[in-house]
Amino acid sequence: MAEHGSQPVIRVRDLVVGFGTQIVLDHLSLDLHPAEILGVVGASGSGKSVLLRTIIGLIAKRQGLIEIMGRNLDSTDQPQFRAIARRWGILFQQGAMFSSLTVLQNIQFPMRENLRLSDRLLRELAVAKLEMVGLSVRDGEKFPSEISGGMTKRAALARALALDPQVVFLDEPTSGLDPISAQDFDSLIRTLQQTLGLTVFMVTHDLNSLYSVCDRIAALADGKVVAEGAMPVMLASEHPWVKAYFRGKRGQALGSQVLGSQALSSQVSATVPN
């Protein structure tokens, strides 16, 4: 559960990011609280992935403040930034696995880059991460081209967890997955977050993910966060895009389905003897 009373793990203030004459993020502000899953949603081109990549230093900002774990990134040198970066893990869109390495070697890659460990210990740790995401050692011996899309996402998540991070960034984690695989992946994210105490920054367009795993949601439009809070806040928003997304036909159908499932669960619980 999110710890809103403590210092944010990530604090963004008045962030401006652009490419040429196009401003993508226009004085955007946002907090990520400890031990929460924050879902960042918005229309295509709204800047969701740009925000993620700017926070982790892959895209330069024009203006604003980014603090991660209490450190202002503007005042950190390269060794300090690398030390902070070791405390986060990233799952990029489509997994971004190294095609010339096996799954196990992909998971070992950040370990080899940051830790001095024997080959035996590297393998043991990589196997442990594989099992953590529901994959086998046999799966780990395969190349990315030899496994399914769902398995690729799990392998990429295992690599993101390789250094036991405090924060995990997920960029469209269920994109390209069938509904059952997407639901299973959502459940895996929630289980790992609860078990490991992770703080999760998840860029997504998947309504199911927003309903099932996110503690809080930030909706992006016009370069800013236009709605922020739990699902009831999204459903009550009168911003045109947020209203169309969450209260459109698909949003209403999913909302009714979720409420119906919760009501059924309550009825079943009420009939079970103590």
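All figures in this text were calculated on a predicted structure; none of them were measured in a lab.

Participant: Is there a simple way to explain empty space enclosed by the protein in this structure?
Facilitator: A water-sized probe, rolled over the atoms, reveals where empty space remains. Per the counting criterion, the structure on display carries one cavity of 30 Å³ or more. Taken as a whole, the largest cavity holds about 50 Å³ of empty space. Around the largest cavity sit Leu157, Val168, Leu170, Ile189, Leu192, Gln193, Leu198 and Val200, which together line it. Of all elements in the fold, only strand S7 (167-171) and helix H7 (179-196) reach the threshold of two or more residues within the lining of the largest cavity. In terms of residue count, H7 provides more of the lining of the largest cavity than any other element does, three residues in total. Its residues assigned to classes, the lining of the largest cavity shows seven nonpolar, one polar and no charged.

Participant: When you look at the sheet that holds strand S5 (residues 71-72) in this model, what are you seeing that I'm missing?
Facilitator: Whenever strands of a sheet pair, they do so through backbone hydrogen bonds, lying parallel or antiparallel. As summarised here, the arrangement of the four strands in space is S2-S1-S4-S5, forming an open sheet in which the pairing is antiparallel. Looking along the sheet, the strands with just one partner apiece sit at the ends: strand S2 (22-32) and S5. In terms of strand pairing, strand S1 (residues 10-19) meets strand S4 (residues 63-68) through five bridges, oriented antiparallel. Counterpart to Arg11 in the pairing with S4 is Glu67. Along the sheet, helix H1 (residues 48-55) contacts S1, S2 and S4; its crossing angle with S1, the most-contacted strand, is approximately 115 degrees.

Participant: Whenever I open this one, the packing of aromatic side chains confuses me. Can you help?
Facilitator: Each aromatic ring pair is described using two quantities: the centre-to-centre distance and the angle formed by the ring planes. Using the criterion set out here, one finds six aromatic pairs in the structure. With centroids separated by 4.8 Å and ring planes inclined at 50 degrees, the aromatic side chains of Phe98 and Phe109 adopt a geometry described as tilted. Of this pair, Phe98 sits in the loop between strand S6 (88-91) and helix H3 (103-114) while Phe109 is found in helix H3, placing the two residues eleven residues apart along the sequence. Geometrically, the ring pair formed by Tyr245 and Phe246 is edge-to-face, given 5.0 Å between the ring centres and 80 degrees between the ring planes. Residues Tyr245 and Phe246 agree in their burial class; the two are buried.

Participant: I'm lost on the packing of H3 against helix H6 (residues 149-160) in this one. Help?
Facilitator: The description of two helices packed together rests on the angle between their axes and the distance between the axes. Viewed as axis vectors pointing N to C, H3 and H6 meet at an angle of 25 degrees, and their least axial separation amounts to 8 Å. When the interaxial angle is binned, H3 and H6 end up roughly parallel. The crossing of H3 and H6 is right-handed. When H3 is examined against H6, the residues Val103, Asn106, Ile107 and Pro110 are found in contact with a partner set consisting of Ala155, Ala158 and Arg159. Looking at the contact of H3 with H6 residue by residue, the classes come out as five nonpolar, one polar and one charged.

Participant: Honestly, the layout of surface pockets in this entry has me stumped. Any pointers?
Facilitator: Empty space within the largest pocket amounts to approximately 700 Å³. Taken together, 21 residues make up the lining of the largest pocket; nearest its centre are Ala85, Trp88, Ile90, Pro110 and Asn114. Residue assignment for the lining of the largest pocket shows that the elements contributing at least two residues are helix H2 (78-85), S6, H3 and H6. Here the lining of the largest pocket is composed, by residue class, of 13 nonpolar, four polar and four charged.

Participant: Sorry, what's going on with the pairing of S2 here?
Facilitator: Side-chain positions along a regular strand alternate between the two faces of the sheet. In the sheet, S1 pairs with S2 via eight bridges, with the strands oriented antiparallel. When the bridges of S2 are listed, Val16 appears paired with Asp26.

Participant: Explanation requested: the side chain of Thr174 in the structure shown.
Facilitator: Counting through the fold element by element, Thr174 comes out in the loop between S7 and H7. Once residues within four sequence positions are removed from consideration, Thr174 is found in contact with Ala182, Phe185, Asp186, Thr204, Asp206 and Ser209.

Participant: What is the right way to look at the sheet that holds strand S9 (residues 216-221) in this model?
Facilitator: One open sheet holds the six strands; their spatial order is S6-S7-S8-S3-S9-S10, and the pairing between them is mixed. The strands lining the two open edges of the sheet, one partner per strand, are S6 and strand S10 (224-229). Averaged over all pairs of adjacent strands, the angle between strand axes in this sheet comes to 15 degrees, irrespective of strand direction. Of the strand pairs in this sheet, S6 and S7 are connected by four bridges, and their pairing is parallel. Following the sheet pairing, Trp88 is matched in S7 by Val167. Each of strand S3 (37-42), S9 and S10 touches helix H10 (residues 240-247); the most contacted strand, S3, lies at about 110 degrees to it.

Participant: Any chance you could explain H6 here in plain terms?
Facilitator: Helical periodicity: at 3.6 residues per turn, an α-helix aligns residues three or four positions apart in one direction. With twelve residues, H6 extends 16 Å between its outermost C-alpha atoms, agreeing within 8% with the 16 Å of an ideal straight helix rising 1.5 Å per residue. Within the sequence span of H6, burial applies to Thr152, Lys153, Arg154, Ala155, Ala156, Leu157, Ala158, Arg159 and Ala160. Of the surrounding elements, those touching the buried residues of H6 are S6, H3, helix H4 (119-132), S7 and H7.

About the thresholds
Residues numbered from 1 in each chain as written. Predicted model: local features only at pLDDT ≥ 70, side-chain atom pairs only at ≥ 80, totals over all residues. Heavy atoms only, no water. 1 Å grid on protein atoms, 1.4 Å probe; cavity = no way out; pocket = protein on both sides within 12 Å on 5 of 7 lines; lining within 4 Å. Points joined across faces, edges and corners; volume = space filled by probe spheres on them. Helix = DSSP H or I, 4+ residues; strand = E, 2+ residues; numbered from the N terminus. Nonpolar A, V, L, I, M, F, W, Y, C, P; charged D, E, K, R; others polar. Pairing = 2+ DSSP bridges. Contact = heavy atoms within 4.5 Å. Axes fitted to C-alpha atoms, helices over the stretch in contact; angles between N-to-C directions. Phe/Tyr/Trp six-rings, centres within 6.5 Å; stacked < 30°, edge-to-face > 60°. Buried < 20%, exposed > 50% of the residue type's maximum accessible area, 1.4 Å probe, protein only. Parallel < 35°, antiparallel > 145°, perpendicular 65-115°, else oblique. Left-handed = near helix turned anticlockwise from the far one by under 90°. Expected span 1.5 Å × (residues − 1).

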